[in-house]
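As a plain string of letters, each chain reads:
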Amino acid sequence: NVNEMVTAFETAFSITNQPVLVHVLTQKGKGYKPAEQNPSAFHGVGTFDVKDGTILKTNEVTYTNIFSDWLLSRGAQCNELVSVCAAMPDGTGTAAFAKTFPSRAFDVGIAEEHAVTFAAGLAAGGMRPVVSLYSTFLQRAYDQMIHDVNLMHLDVLFAVDRAGLVPGDGETHQGIYDTGYFSQIGIPVYSPCNYAELEYWLEALVKTMRGPRAIRYARGEEKPALAALGCTGKPYDMLCGADKADTVLVSYGAETEEILAAAELLRHQGMAADCCKLVQVYPLPDGLCRQLSNYKTILFAEESVATGGIGQQLCTALQAAGWQGRFILRGVDNTHLLHATVPQLRRDQGLDAHTLAQDMLTRN
C-alpha cells in the first residue's frame, strides 16, 4: 500500500538519535495470481499465456542444460562432489542435482559471498564443491575468491553462467568482468564456445586439475557456426583460411561467432584473414604468442571489459616476446550498456562482424 509506505517512511525520518528499521514485506507478482503462486517461474519471464500464466516451453537446449546434465552425471560417479548455488537453482541448472542428491546440494540464498566461503570450507574438508553462479552475481564475492579460496589454493570449481553479453537485462546483469578479475588473482579460466567444448572441459577440469579454476559460458543456446567447430580438446585452435594470411582475428566463447563472420566478410573484400579461438583464456596457452607472432596484424575481440581483460594481457605478452606488429583491441565499454539483445549490444560495442571487418580494412 503506497500510502502506508509513505506514512511509514515519514515516521521513520521523524525519529532522531536512534537507529530505525522499516520492515517491508514484498510479494513477487503482486496483482497477477500465476506469478504470486509461482514466483520462481516468473523471476525471468519468457513466453507465457497471459490468461492463465502457463509457461510456453521451447525445445531448445541451452548451455545451462548441458552443465546441469554434466553435474548430475558427474555427481553419480563422485560422492565427494557437492553443488553450491545462491538462490538460483533453476537459473544455474543445479535443481536436478539437488533433487537427486539433496544431501550434497546447498542453496545458501542471496549470499554469494557466503557461497564462496562455504565452498572453501567444504573443499578444506575434502569435498569437491562446484559453485554455480551468474557472472554478474559472482563479482559480489570477489574478496572471498581471493582470501578464502585462492590464497589457500582450495579445490573449488566455479561454473560461471551468463558470461559475456547478456540479452534483455540491461547494465546490471552483464557478465563482462569475470575474465578480468579471475586472471588478475591467478585463477585459470576456460571459455568454451559450444556444447561439445563445455562437456569436454568440465570433465577435464574435474579429472585433471585441482585448486581454484573457472569455466564460463553464455546464456542461451549454441550457435550453428560454433557447433560446427566441434571440440579438439586443445586449449586453442587456429582456424585458417585457404590463403596464407598476415592477419588474424582472435576471440573466445560466444564472440567466436563474430570473428568467423568477420573473416568471411574480409574474404569477400579480397583480404585473407585467419581466426584463432581460445578455450583456455588464462593463463595464455603455451605456444600461443609464438604462433600469433607470425602475423603482422592481430585483432582481439572479447565480450569482456577492455581494460584489464584478456586482450590487453595478450598484447603485453606479445610485446614482451618481441612482436612489433599492429594490435587492434575490441572489448566492452562498461560506462554505457543498453537494455538490448546480444546482436544489438555487439553492434553498440563494435563487437559485431561488420565492425570488426571494417576495423581491419581501415587500419591496414
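The notes below deal with the structure included here.

The rules we used
- Residues numbered from 1 in each chain as written.
- Predicted model: local features only at pLDDT ≥ 70, side-chain atom pairs only at ≥ 80, totals over all residues.
- Heavy atoms only, no water.
- Helix = DSSP H or I, 4+ residues; strand = E, 2+ residues; numbered from the N terminus.
- Rg over C-alpha atoms; globule rule 2.2 N^0.38 Å.
- Buried < 20%, exposed > 50% of the residue type's maximum accessible area, 1.4 Å probe, protein only.
- Contact = heavy atoms within 4.5 Å.
- 1 Å grid on protein atoms, 1.4 Å probe; cavity = no way out; pocket = protein on both sides within 12 Å on 5 of 7 lines; lining within 4 Å.
- Points joined across faces, edges and corners; volume = space filled by probe spheres on them.
- Nonpolar A, V, L, I, M, F, W, Y, C, P; charged D, E, K, R; others polar.
- Axes fitted to C-alpha atoms, helices over the stretch in contact; angles between N-to-C directions.
- Left-handed = near helix turned anticlockwise from the far one by under 90°.
- Phe/Tyr/Trp six-rings, centres within 6.5 Å; stacked < 30°, edge-to-face > 60°.
- Salt bridge = Lys/Arg side-chain N within 4 Å of Asp/Glu carboxyl O.
- Pairing = 2+ DSSP bridges.
- Core = buried A, V, L, I, M, F, W, Y, C linked by side-chain atoms within 4.5 Å.

Observations concerning the overall build of the protein chain
(1) Moving on: Along its length, the protein chain carries 16 helices and twelve strands.
(2) Moving on: The C-alpha atoms of the protein chain give 23 Å as radius of gyration, which agrees with the globular expectation for 364 residues (21 Å, within 12%).
(3) Moving on: Seen through its C-alpha atoms, the protein chain measures out along the principal axes to roughly 70 × 50 × 45 Å.
(4) Moving on: Within the protein chain, the proportion of its 364 residues that are buried is 49%.

Comments concerning the environment of Glu 197
(1) Moving on: Positionally, Glu 197 belongs in helix α10 (residues 195–207).
(2) Moving on: Linking Glu 197 and Pro 167, residues 30 residues apart in sequence, is a C-alpha distance of 22 Å.
(3) Moving on: If we skip the residues at most four places from it in the chain, Glu 197 touches Pro 192, Gly 230, Cys 231, Asp 237, Lys 277 and Val 279.

Overview of the layout of surface pockets
(1) Moving on: In this structure, the second largest pocket spans a volume of roughly 200 Å³.
(2) Moving on: The set of elements that each furnish at least two residues to the lining of the second largest pocket consists of α12 (256–268) and β9 (274–278).
(3) Moving on: Counting residues per element, the lining of the second largest pocket draws most heavily on α12, at four residues.
(4) Moving on: Class assignment of the residues belonging to the lining of the second largest pocket gives a composition of ten nonpolar, one polar and four charged.

Some thoughts on the packing of helix α3 (residues 63–77) against α10
(1) Moving on: It is at 10 Å that the axes of α3 and α10 come closest, and there the two elements cross at 35 degrees. Of the two possible hands of crossing, α3 and α10 adopt the one that is right-handed. Packed against α3, whose contacting residues are Tyr 63, Ile 66, Phe 67, Trp 70 and Arg 74, the element α10 presents Tyr 195, Leu 198, Glu 199, Leu 202, Glu 203, Val 206 and Lys 207 at the interface.
(2) Moving on: A class-by-class count of the residues in the contact of α3 with α10 yields eight nonpolar, no polar and four charged.

Describing the packing of aromatic side chains
(1) Moving on: Evaluated as defined, the whole model comprises 16 aromatic pairs.
(2) Moving on: Relative to Phe 48, the ring of Phe 42 lies with its centre 5.2 Å away and its plane at 80 degrees, an arrangement referred to as edge-to-face.
(3) Moving on: Its relative accessible area of 26% is what places Phe 48 among the partly exposed residues.
(4) Moving on: Geometrically, the ring pair formed by Phe 106 and Phe 118 is edge-to-face, given 5.1 Å between the ring centres and 80 degrees between the ring planes. With a gap of twelve residues between them, Phe 106 in strand β2 (residues 105–107) and Phe 118 in helix α6 (residues 112–124) connect regions that are remote in the sequence.
(5) Moving on: Phe 106 sits in the partly exposed class, given a relative accessible area of 28%.
(6) Moving on: Put simply, the rings of Tyr 142, Phe 158, Tyr 181 and Phe 182 touch in pairs and so form one group of aromatic residues.

Let's talk about the pattern of salt bridges
(1) Moving on: For the coordinates displayed, the defined rule picks out 17 salt bridges.
(2) Moving on: A salt bridge links Lys 277 to Glu 197; the nearest nitrogen and oxygen atoms lie 2.5 Å apart. Of this pair, Lys 277 sits in strand β9 while Glu 197 sits in helix α10, placing them 80 residues apart in sequence. We note that Lys 277, like Glu 197, is buried.
(3) Moving on: Between Arg 346 and Glu 303 there is a salt bridge, with the nearest N and O atoms lying 2.7 Å from each other. Here Arg 346 is found in helix α15 (residues 342–349), whereas its partner Glu 303 is found in strand β11 (residues 297–305), with 43 residues between them in sequence. Comparing Arg 346 with Glu 303, the two get one shared label, buried.

A few points about the sheet that holds strand β7 (residues 236–239)
(1) Moving on: As summarised here, the arrangement of the five strands in space is β7-β9-β8-β11-β12, forming an open sheet in which the pairing is mixed. Looking at which strands have only one partner, the edges of the open sheet turn out to be β7 and β12 (326–332). Averaged over all neighbouring strand pairs, the angle between strand axes comes to 15 degrees, with direction disregarded.

As for the nonpolar core
(1) Moving on: One finds Leu 138, Phe 158, Phe 182, Leu 278, Leu 292 and Ile 298 to be the most contacted residues of the largest nonpolar core, which totals 44 residues.
(2) Moving on: No other element matches the six residues that α6 contributes to this core.
(3) Moving on: Beyond its immediate chain neighbours, meaning those up to four positions away, Leu 138 contacts Val 116, Leu 133, Met 145, Phe 158, Val 160, Tyr 181 and Phe 182.

Some details on unusual backbone geometry
(1) Moving on: In this model, Tyr 282 is joined to Pro 283 through a cis peptide bond whose omega is -10 degrees.
(2) Moving on: Considering the arrangement of structural elements, one finds Pro 283 in the loop between β10 (280–282) and α13 (288–292).
(3) Moving on: Its identity as a non-glycine residue notwithstanding, His 153 has a phi of 50 degrees, on the positive side.

Overview of the pairing of strand β1 (residues 81–85)
Looking along a regular strand, one sees side chains alternate from face to face of the sheet.
(1) Moving on: With five of five residues buried, β1 lies mostly within the body of the structure.
(2) Moving on: Across the two faces of β1 the burial is the same, with Leu 81, Ser 83 and Cys 85 and Val 82 and Val 84 all buried.
(3) Moving on: Sheet topology note: the β1/β2 ladder contains three bridges and is parallel. Residue pairing in the sheet places Cys 85 in a bridge with Asp 107 of β2.

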